[in-house]
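Coordinate analysis (summary)
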Amino acid sequence: MFAKNHQVPILKRYTADLHIHTTLSPCADLDMGPVNIIRKVRSLGIGIIAIADHHAVANIPAVMEHAGSAPPLVIPGIEVQTKEEVHLLCLFPDFPTLNDFAVLIRSKLPPFRNRAALFGEQVVVNAKEEILYFEEMLLVGSVAMSVENVALETKMRGGLLIPSHVDRPAYSLLANLGFLPPGLDVDALEIARPENLANLLTAHSALRGTTFITSSDAHFLRQMDTHYVTVFYLAEPSFEEVKLALGGKEGRKALIERRA
Ligand SMILES: [Zn+2]
Ligand SMILES: [Zn+2]
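These lines cover the structure that appears in this document, whether it is placed above or below. Source: prediction; values computed, not measured.

1. Brief notes about the overall build of the protein
- Per the secondary structure count, the protein includes eight helices and eleven strands.
- The C-alpha atoms of the protein give 18 Å as radius of gyration, which agrees with the globular expectation for 260 residues (18 Å, within 12%).
- In terms of principal-axis extent, the alpha carbons of the protein reach across some 65 × 40 × 40 Å.
- Within the protein, the fraction of its 260 residues that count as buried is 52%.
- In the form shown here, the protein has an accessible surface area of approximately 12,200 Å², with 54% of it arising from carbon and sulfur atoms.
- The protein carries 24 positive and 29 negative side-chain charges, and their two centres are separated by 4 Å.

2. A closer look at the coordination of the zinc ion (ligand 2)
- Ligation of the zinc ion (ligand 2) by protein atoms is provided by His19 (NE2), His21 (NE2), Glu79 (OE) and Asp217 (OD), these donors lying 2.1 to 2.2 Å from the ion.
- Note that the zinc ion (ligand 2) binds four donor atoms; their angles at the metal cover 81 to 174 degrees, and the shape is irregular.
- Between consecutive donors of the zinc ion (ligand 2), the numbers of intervening residues give the motif H-x1-H-x57-E-x137-D.
- Between the two metal centres, the zinc ion (ligand 2) and the zinc ion (ligand 1), the spacing is 3.5 Å, with Glu79 acting as a shared donor.
- According to the relative accessible area criterion, His19 is buried, its value standing at 0%.
- Looking at His21, the relative accessible area reads 0%, which means it is buried.

Calculation criteria
- Residues numbered from 1 in each chain as written.
- Chains lettered and ligands numbered in written order.
- Predicted model: local features only at pLDDT ≥ 70, side-chain atom pairs only at ≥ 80, totals over all residues.
- Heavy atoms only, no water.
- Helix = DSSP H or I, 4+ residues; strand = E, 2+ residues; numbered from the N terminus.
- Rg over C-alpha atoms; globule rule 2.2 N^0.38 Å.
- Buried < 20%, exposed > 50% of the residue type's maximum accessible area, 1.4 Å probe, protein only.
- Areas by Shrake-Rupley, 256 points an atom, 1.4 Å probe, with all protein chains shown as cover.
- Lys, Arg positive; Asp, Glu negative; His and termini not counted.
- Charge placed at Lys NZ, Arg CZ, Asp CG, Glu CD.
- Donors = N, O, S within 2.8 Å, 3.2 Å for Na, K, Ca; no water.
- Tetrahedral: all angles 85-135°; square planar, octahedral: opposite > 155°, others 65-115°.

Everything listed is a geometric property; what it means functionally is a separate question.
Written as structure tokens, this is what we have:
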């Protein structure tokens, strides 16, 4: 009996930024629309991005539409703040799956109205960056769900779970819980400043062997000019390949490199 396919596919190198906010996040700049984001991403040679606003997804179709079939691959995502005030990046294989998750997340947000003068406008746009409407529900704050709950709901839908900026002193898994809960099924941990990685691994030796990525967490276009980038080696740019790479499976891999 012959094994089906022993050929290792040719892997290509893609730089990625899996954590970008849009005008829908109240704290993000009004320049963070689809046209500007995609232009900036292309100028940086980034092949894969994820859009992840706070508790909302309404700008993602416009970014996907504007990118079209040309690079970058746009992975739909959302950034959730759990009741422990931990930020989690949840990425999904397609928009309908993300949207299903986002409906649940929204139902767990406290029903406060946004005060734009205080928090910033929450702007929903189309692919040409024309304003469609202003989201009125305040999108920042914690949802009434635990880290464990959000993880389960993400995984149930085939999503990727990546705790955000774990090296930051606030809104991070390691700062708020003190450790990576055993059994929490993370695909990777995001580090805001890869310069901190050695110290982080000294303080949390249990994290050795965990996949780390870095992202811009950009709320302003210029924040995408990061010193470090995540690099993926994939057979093709797709959600499934990114998932394999984060798991270090089938030769695929994810690394943090200094930007050339
Ligand atoms: Zn965050
Ligand atoms: Zn963020």
